[in-house]
Amino acid sequence: CAGSIAIYDCRNYSKALPSAFYFPKAFKPSGNSQPMPIEICSIGGYSETGKNSTAIKIDDEVVILDMGLHMENYIRYTEDEDIGKLSYEELLKVNAVPDYNLLKDWKPKVIAIIPGHGHLDHIGAIPFAAKLFPQAPIVCTPFTAEVLKSIFADEQIKLPNELLSVNLNSSYRLSKNLKVEFVYMTHSIPHTAMVVLHTPYGKIVYANDYKFDRQPTLGQRPNFERLKEIGEEGVQLLIVESLYAHEYKKTPSEAVAQQMLKDVMLGVNTEGKGLVVTTFSSHLARIKSIVEMGKKLNRQIVLLGRSLSRYVIAGQNLQIVDFREDAKLIRHRDKLEKVFQKISKDGKEKYLLVVTGHQGEPKAILSRMSRGETNFHFENGDVVIFSCSVIPTELNQDNRDILERELKNQGVRIFRDIHVSGHACREDHRDLIDLLKPKHIIPSHGGKDKAQNISDLAGEMGYDTAKNVHIMSDGKILVLK
């Protein structure tokens, strides 16, 4: 697989591959088998941020890595829709899901769907698209499986696909020739894996969301030892996220975000005032820190919101976290008003509310609170902490602006960006490439401008970027012969 390279458009991929391939002289196929190419189809997440999905074809077997949503398009379209009744076809029309028509010729050959972690831009299309490949099991880490089970149950979705849970730092045999390994990695959600596909022609590493956090506040450090071993064993291809490859730094540890929270929650006078914190529902490490600070403030802690409940319950089912003695979890809207009535009666200064709505989503709890649609009423001097960043899309920025204006009009003190990212920056990518030493690199999770930053970094590290770094766009096939 160190020979020639070709890129094709998936939409016109009918040309037969050449029958002869170049291999190094040391390569000797066993038995009568003929050497085959590795083919990579960049389905989604290469022309823009979102809809993450990549298909890899080895001989006559295909594996799909991630089935994600384009969150902005999905939220805009589903705002007033019953999600359980949505079809893949209608979501495809609004560019909310990956286009699996690109895999028309590969469809019967798909043997597995493998998401790397449980964020919706990586698993959110599974409820709608997995049934296109009914023969393919969904193979993932335990927390990701728990989140999917919750989505299926909430939305009354039934799929023909088997759901298989595989522990981190272990492997699963997909077929006689293919094996998947889940290497423990830190991110902003539990049980994130760096997916390693073992093939007869070399290893393929899928690093589509990770950070190198050596001081995690929940879970273990990344499995650097195994990454080094994999690099020594030989990596044919690295597919790596590029969201923050333009930032010349190392991504700070979650311990830094914990200290930032401590500085605000324990260092600002909130006596007699309402205190509300919002963050990513899936960020259990962050929620754990928020709960710990709430206990030090001697406030009763209430976690409010459907998505927040989904991830917390999944974490509790797997004993990753356990907030049952420290916080009350309110999931259903019909119970919210009773809780808000009690808070109003007891005095909001006695409570810490952890709520959904950090991006200003109009239907989320924080937005409804800001508009006076609940029995919780903000007053001058109340505190709202955004333990998150604004995801830089037009919809999110507009929604957050509206939310913050509502809060400011009521005299609320706003604390923004009490947060560190879960994504690798340029120097983390340098360390990853140095550990794995891949022959080929494909930048993912972003458009061509972001991908170019990975290419530039690889060039600094001695790679021939014209031959060994491949900037893809949605709907292309890369053939490594």
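Note that residues are indexed from 1 along each chain, following the sequence as it is written. Whole-chain, interface and lining totals are the exception, using all residues; otherwise, since this is a predicted model, local features are given only for residues with pLDDT of at least 70 and side-chain atom pairs are given and counted only at 80 or more. Calculated side-chain values reflect all of the structure's heavy atoms, with hydrogen atoms and water omitted.

Asker: What is the right way to look at the packing of helix α6 (residues 224–233) against helix α13 (residues 426–436) in this model?
Answerer: In a pair of packed helices, the angle between the axes and the distance between the axes together describe the arrangement. As a packed pair, α6 and α13 sit with axes 7 Å apart at the nearest point and diverge in direction by 50 degrees. Judged on the interaxial angle alone, α13 and α6 are oblique. On the side of α6, the interface is formed by F224, L227, K228, I230 and G231, while α13 contributes L432, L435 and L436. Residues are grouped as follows: Ala, Val, Leu, Ile, Met, Phe, Trp, Tyr, Cys and Pro are nonpolar; Asp, Glu, Lys and Arg are charged; all remaining types, including Gly, are polar. Considered class by class, the residues forming the contact of α6 with α13 number six nonpolar, one polar and one charged. Here an angle of 0 to 180 degrees is reported between the N-to-C directions of two axes, which are lines fitted to C-alpha atoms, with helices fitted over the stretch in contact. Only DSSP runs of H or I reaching four residues or more are called helices, and only runs of E reaching two or more are called strands; each is numbered from the N terminus. An angle counts as roughly parallel when it lies under 35 degrees, as roughly antiparallel when it exceeds 145, as roughly perpendicular when it falls between 65 and 115, and as oblique in every other case. In this analysis, two residues are considered to be in contact whenever any of their non-hydrogen atoms come within 4.5 Å of each other.

Asker: What is the right way to read the sheet that holds strand β11 (residues 202–207) from this model?
Answerer: Note on sheets: strands pair through backbone hydrogen bonds, and any given pair is parallel or antiparallel. In this description, strands pair whenever DSSP reports at least two bridges between them. With mixed pairing, the six strands of this open sheet are ordered in space as β8-β9-β10-β11-β12-β19. The open sheet has two edge strands with one neighbour each: β8 (170–173) and β19 (440–444). On average, each strand axis in the sheet is inclined to that of its neighbour by 20 degrees, with strand direction left out of account. Bridge count between strand β12 (residues 235–241) and β19: five bridges; the pairing is parallel. Note on β19: the bridge partner recorded for V240 is P443. Each of β10 (192–199), β11, β12 and β19 is contacted by α13, which is oriented at about 165 degrees to β12, the strand it contacts most.

Asker: Help me out: how do you make sense of the pattern of salt bridges in this one?
Answerer: Oppositely charged side chains are able to pair whenever their charged atoms sit close together. Think of a salt bridge as a Lys or Arg side-chain nitrogen and an Asp or Glu carboxyl oxygen that are within 4 Å of each other. A full pass over the atoms with the stated rule returns 27 salt bridges. The residue D60 makes a salt bridge to K109 at a minimum N-O spacing of 3.7 Å. With a gap of 49 residues between them, D60 in the loop between β3 (53–58) and β4 (61–65) and K109 in the loop between α2 (88–93) and β5 (110–114) connect regions that are remote in the sequence. Burial classes: relative accessible area under 20% of the type maximum marks a residue as buried, over 50% as exposed, and values in between as partly exposed (1.4 Å probe, protein chains only). Given the relative accessible area of 52%, D60 is considered exposed. Measuring nitrogen to oxygen at the nearest pair gives 3.5 Å for the salt bridge that ties K295 to D326. Of the two residues, K295 sits in helix α8 (residues 284–296) while D326 sits in the loop between α9 (306–317) and β15 (327–330), which places them 31 residues apart along the sequence. Accessibility expressed as a relative area gives 43% for K295, which makes it partly exposed. Here the salt bridges do not stand alone but share partners, grouping E181, K203, R226, E229 and E233 into one network.

Asker: What is the right way to read the pairing of strand β13 (residues 275–279) from this model?
Answerer: Side chains on a regular strand alternate between the two faces of the sheet. Of all five residues making up β13, five are buried, and the element is well covered by its neighbours. Taking every second residue as pointing to the same face, both faces of β13 are buried, with L275, V277 and T279 on one and V276 and T278 on the other. Of the pairings in the sheet, the one linking β13 to strand β16 (residues 351–355) comprises four bridges and is parallel in character. Across the sheet, the residue bridging to V277 is V354, located in β16. As defined by bridge partners, β13 adjoins strand β17 (residues 383–387) across five bridges and the pair is classed as parallel. Note on β17: the bridge partner recorded for T279 is S387.

Asker: What exactly am I supposed to notice about the side chain of D209 here?
Answerer: Along the chain, D209 turns up in the loop between β11 and α6. When charges are counted, neither His nor the chain ends are considered; positive counts come from Lys and Arg and negative counts from Asp and Glu. Buried charged residue D209 carries no salt bridge. Nearest counter-charge: K450, at 11 Å. Engagement of the side chain of D209 in a polar contact is seen with the side chain of H122, the distance being 2.9 Å. Pairs of N or O atoms are called polar contacts if they sit within 3.5 Å, as long as, within protein, a hydrogen donor faces a hydrogen acceptor (for residues adjacent in sequence, only side-chain-to-side-chain pairs). Among the polar contacts listed, one links the side chain of D209 to the side chain of H445, at a separation of 3.2 Å. The contact partners of D209, leaving out residues within four places of it in the chain, are H117, H119, H122, H187, T192, E241, H423 and H445.

Asker: I'm lost on the environment of T144 in this one. Help?
Answerer: Looking at the secondary structure, you find T144 in helix α5 (residues 142–154). The sequence separation of T144 and G475 amounts to 331 residues, and the corresponding C-alpha distance is 27 Å. Apart from residues lying up to four places away in sequence, T144 is in contact with P115, H117, G118, I123 and H191. Within the structure, T144 has its side chain in polar contact with the side chain of T141 (distance 3.1 Å).

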